[in-house]
Amino acid sequence: MAYTLSDPFRPLRTVLRVCGVTMLLAGLLLLLLPAGPLANWLAITAPLWPVRLAGAGLLTLGVYYLLAAAERGIGLPTLVTCSLGNGLPAVVIVSAYLQQDMAALGWPARIVLVLLFVAFLAGAVAPLRYLRAEYQAE
């Protein structure tokens, strides 16, 4: 049912794929970029292991979202994981912006963070309509 025209989860599958690719690319970037350019681009002087750990988490969630988008039915655990897994990074980005932690970032990094925020927000909101009883698998 994942590829038919009558699939009720088609918009959610699209959001899962977009968020999956976005998180996969962001995770690979944070995990594999050399330390010098990564520290310069993110304007940090602290150790980079928390950034690498965040990259590993994003990579894992990205793979999970891509695999979940291909499932026949999308159940409650996938919906909750998608909402939380995208909502929490969106909250972190907004709180960092409001606390002016992004003041030291250059404009390319700010643009990337805005694009990430939009993808995270879409991924957090899209599953909410599927939490109703008529969309739940038997």
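Preceding this paragraph is the structure being described.
For clarity, every value in this text was computed on a predicted model and none was experimentally measured. (Residues numbered from 1 in each chain as written. Predicted model: local features only at pLDDT ≥ 70, side-chain atom pairs only at ≥ 80, totals over all residues. Heavy atoms only, no water.)

S.K.: Please set out the overall build of the chain residue by residue, giving values where relevant.
M.R.: Of the regular secondary structure elements, the chain holds five helices and zero strands. Across its three principal directions, the C-alpha atoms of the chain cover 50 × 30 × 20 Å. Classification of the 138 residues of the chain by burial places 33% in the buried group. Taking the intrachain contacts of the chain between residues at least 6 apart in sequence as the baseline, contacts between residues at least 24 apart amount to 69%. (Helix = DSSP H or I, 4+ residues; strand = E, 2+ residues; numbered from the N terminus. Buried < 20%, exposed > 50% of the residue type's maximum accessible area, 1.4 Å probe, protein only. Contact = heavy atoms within 4.5 Å.)

S.K.: Tell me what's going on with the side chain of asparagine 86, and back it up with residues and numbers.
M.R.: When you line up the elements, asparagine 86 lands in helix H4 (residues 76-98). Apart from the residues within four sequence positions on either side, asparagine 86 is in contact with Cys19, Met23, Tyr65, Thr81, Phe120, Gly123 and Ala124.

S.K.: Tell me about the state of the cysteines, residues and numbers included.
M.R.: Summed over all chains, the structure comprises zero disulfides. Here cysteine 19 stays unpaired: no disulfide links it, and the sulfur of cysteine 82, its closest cysteine neighbor, is 5.8 Å away. A relative accessible area of 2% places cysteine 19 in the buried class. (Disulfide = S-S within 2.5 Å.)

S.K.: Break down the packing of helix H1 (residues 10-32) against helix H3 (residues 49-69) for me, with residues and values.
M.R.: In the contact formed by H1 and H3, the axes pass within 7 Å of each other and the chain directions differ by 155 degrees. In terms of axis orientation, H1 runs roughly antiparallel to H3. Handedness of the crossing formed by H1 with H3: left-handed. Within the contact of H1 with H3, the residues separate by chemical class into 20 nonpolar, four polar and three charged. (Axes fitted to C-alpha atoms, helices over the stretch in contact; angles between N-to-C directions. Parallel < 35°, antiparallel > 145°, perpendicular 65-115°, else oblique. Left-handed = near helix turned anticlockwise from the far one by under 90°. Nonpolar A, V, L, I, M, F, W, Y, C, P; charged D, E, K, R; others polar.)

S.K.: Account for the nonpolar core, with residues named and values stated.
M.R.: Where a protein is soluble and globular, its nonpolar side chains tend to be buried together. In terms of nonpolar packing, the biggest core is built from 28 residues, with Leu12, Leu16, Leu58, Tyr65, Ile74 and Phe120 touching the most fellow members. Those elements that provide at least two residues to this core are H1, H3, H4 and helix H5 (107-125). Ranked by the residues each element gives to this core, the list is headed by H1, at seven residues. Discounting residues that sit within four places of it in the chain, leucine 58 has contacts with Met23, Leu24, Ala26, Gly27, Leu30 and Phe120. (Core = buried A, V, L, I, M, F, W, Y, C linked by side-chain atoms within 4.5 Å.)

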